[in-house]
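Next come the chains, spelled out residue by residue.
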Amino acid sequence: MIKIGIVGVGTVGQSVANILEKNKKLISARAGKEITVVKGVVSDLSKKRDVNIPLFDDPNEILDDDSIDIVVELMGGTEKPFEIIKKALYKKKAVVTANKALLAYHRFDLQKIAGDIPIGYEASVAGGIPIINALKVGLSANEIMAIKGILNGTCNYMLTKMIEEGVNYDEVLKEAQELGYAEADPTFDVGGFDAAHKLLILSSIAYGIDAKPEDILIEGIEEIKKDDIEFAKEFGYSIKLLAIAKKNNGKIELRVHPALVNKDKMIAKIDGVMNGISVIGDCVGETLYYGPGAGGDATASAVISDIVEIVRAGQSSPMLGFKKPFLSENLTLVQKVDIHSEYYLRMFVNDEPGVLASIAEILGKNAISIETFLQRPSDNNKKATLLCATHECRERDILNAINDIESLPFVSAKVVMIRIDK
Ligand code: NAP
Ligand code: HSE
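Here goes a summary of the coordinates provided. Please read these numbers as outputs of a predicted model, since none were measured by experiment.

1. A closer look at unusual backbone geometry
- Although it is not a glycine, Lys92 adopts a positive phi angle of roughly 65°.
- Mapped onto the fold, Lys92 is located in the loop between α4 (79-90) and β5 (94-97).

In structure tokens form, the structure reads like this:
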């Protein structure tokens, strides 16, 4: 019998314990051995929970129990779970985690410490979609040219409800929290950090690159307002939080930001809590993955897949999918300001002669060509909102232009910029 200890019996931990009980016969048959959760650890023992396992409030109850074979870390955070996982590995226990925040910083450390001890983390990216296994195993013959995905269920759920039903930001965030989609601190979701953590994990497998969140462009959805949504609808776009990794001329571009996406594109049709990822390999071409990106049961499905793999095979592939480093080409990251994109700008200005001309002049001076320019009246008839879409240009140029526009005397608020992904 394989004994499991779960550190963190919250949304995902409870689902893992309950599914392992509900589907015990099937899962044990697939794994080849009976699998039983023998202990769980929480921080507050007085909370009411929907599980049938003995609970403790000290992780050492699991770590010091020599009969436990696999430690499942589902508590969240970064440094505390890192200490717990290290101790589990030193004690030669296999580890399964869904913790992308931890992996965004410590995946290479863990690969080194673990050696041949299995660590599974399928649930850390895109909830129930088996994207880690697809990259590590299914696409191992390929040079990965690009990964583009919707990797945060909370943001996708929020944007879908804001666009399709006009629900307001705070209300829809509360809903996502109640449904168990959001992180304990939801600024990780809406600020784009959670999607960035996941992108960094995928790019390690794809490119062997050990980038940290501080190294890449990360923007969230907090600034998306009704005007942007109306512009998107009028011009045939949806708004999605995209995570993008691309290989270009020996450099890797990694970025997370909201984007206006043409409504006819497949990625624009991924709605609600669903995640979707396109991976382009040099041999296979484009492959697509779609499924629930958050929520207790969907995530538990991925956690349990790791447990089953570990029980069956120990671990059939190394943690990050490579046995030797393969950064032979000295891959470096594209600087944030060197990214190229089309852009949408929203500006709040005085409604007076010369305003449009001055803004157009600044854009022209920065080598930015305008595709669309619109003026919307505001409630205050001395003010107007200007909406502008550009042709492709360099990030450095658009940032300089925004800086110049914001210093004009008749521009009365921060300029909002959203990238366009056509
Ligand atoms: P959660 O509902 O907040 O559960 C966290 C659990 O950990 C709770 O049981 C909590 O105890 C326990 N805990 C926290 N700090 C602890 C400590 N210092 N000592 C002992 N126990 C502690 O979180 P979750 O949504 O299940 O997420 C768990 C992990 O899965 C996170 O890393 C998250 O990023 C990841 N994940 C979540 C989802 C999702 O859809 N929710 C999807 C993919 C990955 P109490 O219950 O007593 O507070
Ligand atoms: N908070 C995360 C999300 C959970 O909304 O996608 C899944 O990783």
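Read on for the rest.
2. Focus on the sheet that holds strand β4 (residues 70-73)
- Strand order in the open sheet made by the six strands is β3-β2-β1-β4-β5-β6, with parallel pairing throughout. The sheet is open, and its two edges are formed by β3 (55-56) and β6 (119-120), each paired on a single side.
- Inspection of the sheet shows β4 paired to β5 by four bridges, in the parallel sense. Across the sheet, Ile70 pairs through a bridge with Ala94, a residue of β5.

3. So, the site of ligand 2
- Ligand 2 sits among 13 residues. The nearest are Lys100, Thr154, Tyr181, Glu183 and Asp189.
- Within the side chain of Asn152, an N or O atom sits 3.5 Å from an oxygen atom of ligand 2.
- Out of a free accessible area of 250 Å², ligand 2 has 95% covered by protein chains.
- Among the elements of the structure, α7 (153-165) and α10 (193-207) are those that each provide at least two residues to the shell around ligand 2.
- When its residues are assigned to classes, the shell around ligand 2 shows four nonpolar, four polar and five charged.

4. Examining the packing of helix α5 (residues 100-114) against α10
- Put simply, α5 and α10 touch, their axes get as near as 8 Å, and they point 35° apart. Helix-helix and strand crossings are classified by hand; for α5 and α10 the assignment is left-handed. Of α10, the residues touching α5 (which contributes Lys100, Ala101, Leu103, Ala104, Arg107 and Phe108) are Asp194, His197, Lys198, Leu200, Ile201 and Ser204.
- Classifying every residue of the contact of α5 with α10 by side-chain character gives six nonpolar, two polar and four charged.

5. Brief notes about the pattern of salt bridges
- Tallying each qualifying case throughout the model produces 26 salt bridges.
- Linking Asp64 and Lys87 is a salt bridge whose minimum nitrogen-to-oxygen distance equals 3.1 Å. Here Asp64 is found in the loop between α3 (60-63) and β4, whereas its partner Lys87 is found in helix α4, with 23 residues between them in sequence.
- Of the charged contacts, one joins Asp210 and Lys212 as a salt bridge, the two residues approaching to 3.0 Å between their closest N and O atoms.
- Take Lys212: its relative accessible area is 22%, and that puts it in the partly exposed class.
- Counted as one network, the salt bridges with shared partners bring together Lys100, Glu183, Asp194 and Lys198.

6. Description of helix α6 (residues 131-138)
- Along α6, the residues classified as buried are Ile131, Ile132, Ala134, Leu135 and Lys136.
- Those residues of α6 that are buried lie in contact with β7 (144-150), α10, β11 (274-281) and β12 (285-292).

7. Here's the deal with the nonpolar core
- Judged by nonpolar contacts, the single largest core of 86 residues is most densely connected at Leu110, Ile131, Ile147, Leu260, Ile277 and Val279.
- Sorting elements by how many residues they give to this core places α10 first, with nine residues.
- Setting aside chain neighbours within four positions, we find Ile147 in contact with Leu135, Leu202, Ala206, Ala243, Ile244, Ala245, Ile277, Ser278 and Val279.
- If you look at the next biggest cluster of nonpolar residues, it comprises 31 residues, including Ile4, Ile19, Ala302 and Ile304.

Thresholds applied
Residues numbered from 1 in each chain as written. Chains lettered and ligands numbered in written order. Predicted model: local features only at pLDDT ≥ 70, side-chain atom pairs only at ≥ 80, totals over all residues. Heavy atoms only, no water. Helix = DSSP H or I, 4+ residues; strand = E, 2+ residues; numbered from the N terminus. Pairing = 2+ DSSP bridges. Near = heavy atom within 4 Å. Polar contact = N/O pair within 3.5 Å; in protein donor to acceptor, adjacent residues only side chain to side chain. Areas by Shrake-Rupley, 256 points an atom, 1.4 Å probe, with all protein chains shown as cover. Nonpolar A, V, L, I, M, F, W, Y, C, P; charged D, E, K, R; others polar. Axes fitted to C-alpha atoms, helices over the stretch in contact; angles between N-to-C directions. Left-handed = near helix turned anticlockwise from the far one by under 90°. Contact = heavy atoms within 4.5 Å. Salt bridge = Lys/Arg side-chain N within 4 Å of Asp/Glu carboxyl O. Buried < 20%, exposed > 50% of the residue type's maximum accessible area, 1.4 Å probe, protein only. Core = buried A, V, L, I, M, F, W, Y, C linked by side-chain atoms within 4.5 Å.

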